[in-house]
Amino acid sequence: MAKNVNVMALLGLLALAAVLGMASGAGGHDYALALKKSILYFEAQRSGVLPPNQRVTWRENSGLFDGKANGVNLVGGYYDAGDNVKFGLPMAFTVTMMSWGILEYGKQMASAGELRNAMDAVKWGTDYFIKAHPEPDVLYGEVGDGDTDHSCWQRPEDMSTSRQAFRIDPQNPGSDLAGETAAAMAAASLVFRGAYPGYANLLLEHAKQLFAFADKYRGKYDASIPVARNYYGSFSGYGDELLWAAAWLYEATDQGCYLEYLARNGDALGGTGWSINQFGWDVKYPGVQVLAAKFLLQGRAGAHAAALRRYAQNAEFFVCSCVGKGGPGNVPRTPGGMMYHQRWNNLQFVTSASFLLTVYADYATRLAGRGGGGAVRCPGGAARPYEILAFVRSQVNYILGDNPRGTSYMVGYGGNFPRQVHHRAASIVSFRKNPSFVSCQEGYASWYPRQAGNPNVLEGAVVGGPDEYDDFADERNNYQQTEAATYNTAPLLGVLARLAGACGTGIEEYQLPPPEAANRTSSPPPASRRRRHATQPASPIEIEQNVTRTWAARGATYSRYAVTVTNRSSRKTVRELHLGVAELRGRLWGLDEARYGYVPPKWRQALRAGESLRFVYVQPAGTPANVWVTGYKLV
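Since we're looking at a predicted model, the values are computed, not measured.

Trainee: Looking at this model, I keep getting lost on the overall build of the chain. Mind explaining?
Mentor: Looking only at helices and strands, one finds 20 helices and 12 strands in the chain. Residues classed as buried in the chain amount to 57% of the 635 residues present. Long-range contacts, defined here as pairs at least 24 residues apart, represent 75% of the contacts in the chain between residues at least 6 apart. Accessible surface, the chain as shown: approximately 24900 Å² in total, 52% of it carbon and sulfur.

Trainee: How do you make sense of the UniProt feature "active site" (unreviewed entry) in the chain when you look at a structure like this?
Mentor: According to UniProt, the feature "active site" (unreviewed entry) maps to His422 in the numbering used here. Looking at where histidine 422 falls in the secondary structure, it is placed in the loop between helix 16 (385-400) and helix 17 (424-427). The exposure class of histidine 422 is buried, given its relative accessible area of 8%. Filtering out sequence-adjacent residues up to four positions away, histidine 422 remains in contact with Gly82, Trp153, Tyr448, Arg476, Tyr479, Thr482 and Glu483.

Trainee: When you look at the nonpolar core in this model, what are you seeing that I'm missing?
Mentor: Soluble globular proteins tend to pack their nonpolar side chains together in the buried interior. Core analysis: the largest hydrophobic core is formed by 157 residues, its most contacted members being Trp100, Phe192, Trp244, Leu357, Val396 and Leu458. For tryptophan 244, the residues in contact, after removing those within four places along its chain, are Thr96, Met97, Trp100, Glu180, Ala183, Phe279, Lys284, Gly287, Val288 and Leu291.

Trainee: Mind showing me how you'd approach helix 13 (residues 285-297) here?
Mentor: The α-helix winds at 3.6 residues per turn, so residues separated by three or four positions along the chain end up facing the same way. Relative to the 18 Å expected for 13 residues at 1.5 Å per residue, helix 13 spans 19 Å between its end C-alpha atoms, a close match to the ideal helical length. Helix 13 sits mainly inside the fold: 12 of its 13 residues count as buried. Of the positions making up helix 13, those classed as buried are Tyr285, Pro286, Gly287, Val288, Gln289, Val290, Leu291, Ala292, Ala293, Lys294, Phe295 and Leu297. Downstream of helix 13 by one or two residues, glycine 299 has phi in the positive range, about 75°.

Trainee: Sorry if this is basic, but what is going on with the pattern of salt bridges here?
Mentor: Here the idea is simple: oppositely charged side chains can pair when their charged atoms come close. Scanning all chains against the criterion turns up 27 salt bridges. For the salt bridge of arginine 163 with aspartate 66, the shortest nitrogen-to-oxygen distance reads 2.9 Å. Residue arginine 163 is located in the loop between helix 5 (146-149) and strand 3 (165-168), and its partner aspartate 66 is located in the loop between helix 2 (31-44) and strand 1 (86-87); the two are separated by 97 residues in the primary sequence. Look at arginine 163 and you get buried, because its relative accessible area is 17%. Judged by relative accessible area, which is 2%, aspartate 66 ranks as buried. Residue arginine 167 pairs with aspartate 169 through a salt bridge whose shortest N-O separation is 3.2 Å.

Trainee: Would you mind going over the state of the cysteines with me for this structure?
Mentor: Formally, a disulfide is one covalent bond, and it connects the sulfur atom of one cysteine to the sulfur atom of another. Applying the stated criterion across every chain yields a total of two disulfides. Covalently, cysteine 320 is tied to cysteine 378 through a disulfide, its sulfur atoms 2.0 Å apart. What sets the handedness of the cysteine 320 and cysteine 378 disulfide is the S-S torsion sign, and at about -85° it is left-handed. Placement of cysteine 320 in helix 14 (residues 305-323) and of cysteine 378 in the loop between helix 15 (347-369) and helix 16 is noted, with a sequence separation of 58 residues between them. Since its relative accessible area comes to 3%, cysteine 320 is described here as buried. By sequence order of its bonded cysteines, the chain has the disulfide arrangement 1-4, 2-3.

Trainee: Explain the environment of glutamate 260 here, please?
Mentor: By the secondary structure assignment, glutamate 260 is in helix 11 (residues 256-264). Spatially, the C-alpha atom of glutamate 260 lies 10.0 Å from that of alanine 247, the residues being 13 residues apart in sequence.

Trainee: I tried to follow the confidence of the model for the chain on my own but got confused; where do I start?
Mentor: Caution applies to low-pLDDT regions: their predicted coordinates should not be interpreted in detail. For the chain, per-residue confidence averages 89 on the pLDDT scale, and residues scoring 70 or more make up 89% of the total. In this model residues 1-27 is a low-confidence stretch, pLDDT under 50, and it forms 22 contacts with partners more than four residues away in sequence or in other chains. Here residues 504-536 scores under 50 on pLDDT; set against residues more than four positions off or in separate chains, the count is 46 contacts.

Trainee: Is there a simple way to explain helix 3 (residues 88-111) in this structure?
Mentor: Between its first and last C-alpha atoms helix 3 spans 32 Å; for 24 residues at 1.5 Å apiece the expected length is 34 Å, and the two agree. Within helix 3, 19 of the 24 residues are buried, leaving the element largely enclosed by the surrounding structure. Positioned one or two residues after helix 3, glycine 113 has a phi angle of 75°, which is positive.

Trainee: Which parts of the structure should I look at to understand the sheet that holds strand 11 (residues 612-620)?
Mentor: The strands making up a sheet associate through backbone hydrogen bonding, with each pair oriented either parallel or antiparallel. Read across the sheet, four strands follow the order 4-5-11-7 without closing on themselves; strand pairing throughout is antiparallel. One side of each edge strand has no neighbouring strand; the edge strands of this open sheet are strand 4 (541-553) and strand 7 (588-589). Across nine bridges, strand 5 (residues 556-567) lies against strand 11 in antiparallel orientation. Bridging across to strand 11, tyrosine 558 finds its partner in proline 620.

Trainee: What am I meant to see in a nonpolar patch on the surface here?
Mentor: Together, Val49, Leu64 and Phe65 make up an exposed nonpolar region whose accessible area comes to about 310 Å². With respect to the helices and strands, the residue phenylalanine 65 is situated in the loop between helix 2 and strand 1.

Trainee: Quick question: what am I supposed to make of the sheet that holds strand 2 (residues 139-143) here?
Mentor: The strand order 1-2-3 describes an open sheet built from three strands, whose pairing is antiparallel. Each edge of the open sheet is held by one strand with a lone partner, namely strand 1 and strand 3. Summarising the sheet, strand 2 and strand 3 pair through four bridges and their orientation is antiparallel. Each residue of the ladder has a partner; that of tyrosine 140, found in strand 3, is arginine 167.

Parameters and conventions
Residues numbered from 1 in each chain as written. Predicted model: local features only at pLDDT ≥ 70, side-chain atom pairs only at ≥ 80, totals over all residues. Heavy atoms only, no water. Helix = DSSP H or I, 4+ residues; strand = E, 2+ residues; numbered from the N terminus. Buried < 20%, exposed > 50% of the residue type's maximum accessible area, 1.4 Å probe, protein only. Contact = heavy atoms within 4.5 Å. Areas by Shrake-Rupley, 256 points an atom, 1.4 Å probe, with all protein chains shown as cover. UniProt positions renumbered as here; feature names shortened; annotations may be inferred. Core = buried A, V, L, I, M, F, W, Y, C linked by side-chain atoms within 4.5 Å. Expected span 1.5 Å × (residues − 1). Salt bridge = Lys/Arg side-chain N within 4 Å of Asp/Glu carboxyl O. Disulfide = S-S within 2.5 Å. pLDDT = per-residue confidence, 0-100. Pairing = 2+ DSSP bridges. Patch = residues over 30% accessible without salt bridge, like charges linked within 9 Å, V, L, I, M, F, W, Y side chains within 5 Å.

Encoded structure:
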C-alpha cells in the first residue's frame, strides 16, 4: 500500500512539473542547446594549430611562434576575451571551472552528447599548461603584451604585436598564478582519470610541483609580471589560490597532507576569515569554502572537522547573500532580478555564483537525504535546496533572454542577441574567407567602427551584460558590456548540464514549499536587534558604533558616528582586514575604498592583539550604516 502511495505522489509531482512548464524550463529554454553553444565558444578562443575536428570554421591557426623568443614552446592555449593575449591566471580559472562542471555533471553532459567536447575544451588548456611549466619552479604566465595588443585591432591570424612571454620563478614568484594553475591541473586530472590515466598522472605531477613552488616562494604574480596588473591584477592576493590548490589536490589525491594544509592555514591565508559574496578569476575563497563543505558532507574531514566547519559556515554566508537572505551583505539585484556587482562584465559573477549555488544545493540535498535537514540557515530565513536551484534557474533564464529587454546575453542563442560583440576575430572578415593581411591601423579604421553586426557569430559567448538598470547597448566600442570572456562561460557549462539533465526529472528542486511557508516572507531583524546568526563563524574582530554628535542643517538632522574595530584575539594579529559598509548615505573618513569593500589606510596594515582601528561617517539621523567584516587573515 505504501508503494502505491509513493507512486501516486511521484506521478503528482511529475504532473505538477508539467503544468508549471518545468520539463522544458521556465521561458521554454533549451538548456542542452545552450550547453552545446557554450562549449563551442571555446573553439573560437583557441590559439595555436587548430585540430582537424575544429567546428568553428571561421578561425585558423594563430600564435605559431609563441614562446620561441624565450626558447620555449608556448603554442596553444586560449585567448582570454576579445583580444589576442594569453593571460595565465584567468585561463587557469577557466579550466578549473570547466573541470569542476564535468566532475559534478559529466553524466548530464554525456546525455546531451557534449561530454567529449567538454573534455576536449579542458585538454586544450591543460596541454598548454604542461608546455608553460617546463621546470618545477618555472611557469610562464602570459604571452603577449596587453598594452600593445589593445592599441591594435587585428585577427589573431594576422598578429603583428609583441608575443613576448613572461614567467614566474623563485626570484620572481607568483603564488596566485602557480596556485590557480595547480588547481586547474589537479581538477583536470580527475576529469581524465578514467579515460586517460597516464595523462591524468602527468597532470597531477605538474599540479603537485606547482603547489610546492607556489607555497615555498610566496608573492603576487602581478609584482613579477607587472604587464598583467592593468588587466588581471591580483587584488585578493595569493592566500585564496594556495588554499584553492590544496583543496583540489586533496580532492584529486585524498592525501591527508593537503587537508591538513587547508585546516592549518585557514586563519593565516583567509579561508576562515573571508565572508564574501563574489567569486571569480581573482577571488577564490567561496569556492574553497564550498569544497570544504563537500568534504564535511562526505565524511572526509577527519580530525580537521572543526576547521572545515568554519570554512563551510562562510560558504553558507555566500549562499545566503546570493539568494537574498543574508542581511546587509546581500548581493544587489537589478529591477529585472539579475545579481549585480559592477558595470564592467557583471555576468562573470552571475555565472560563477550560479555554479557554486548549484553544487551547494545539490550537496545540501544529499545531506537532507542523510538526515541533515538540507536547508541553509540564513539571517533572513532558511534557504532550501529547491529555492536555491530555482534562483539559479532565474539567473540562467535572465542570461538566455528572460529579462526586461528580451535580450539573450549568450551570443547565438535565441533570436535577439548581441551582434556587435567586442571581439577582434569575430568583428573582422574570416581569415579563411579573405586571408589578405589586416594591419592594426586598418582594423581600427575599417572594422572596429562598423555599424553592422560582426561578420562572424561568436556562438556561446556570454558577454559582459547589462547595467544595474537592466540597460544594455549593443555597440562594439562598449567593451564593458559587449566583450565576452572565457571565465564568463566556463562556470555555466556545469549549470546548463544540470538544468538540461533536470528536464523532465527535476523533482527535488521544484517541490512546493511546506504549506506553512507558502504565504510567508522573511526579513532580517532591525540593525538594533540583530544578533550574530548561528551559522556565522566566530570572529576575533568586534565592531562598535556610537553617535558622537548630532546637528541640524538645511531642514534635516545629521549624526556623526564613530566606529571602533577591535582585534579581540588574545595573541594573533589581524592582517588584510576588509570591511563592508552598506546603507551609507553620507561621507566616510578613515578608511580607503578597495576592490572588495573598505580597508584601513596604508599606514595601518595590521591590528595586533587588543588593538583598535577607528573611523567615522556622517549619516542622516535615525538609522546607522551597516558595518561588517568582509575578510581578514589571522597570523
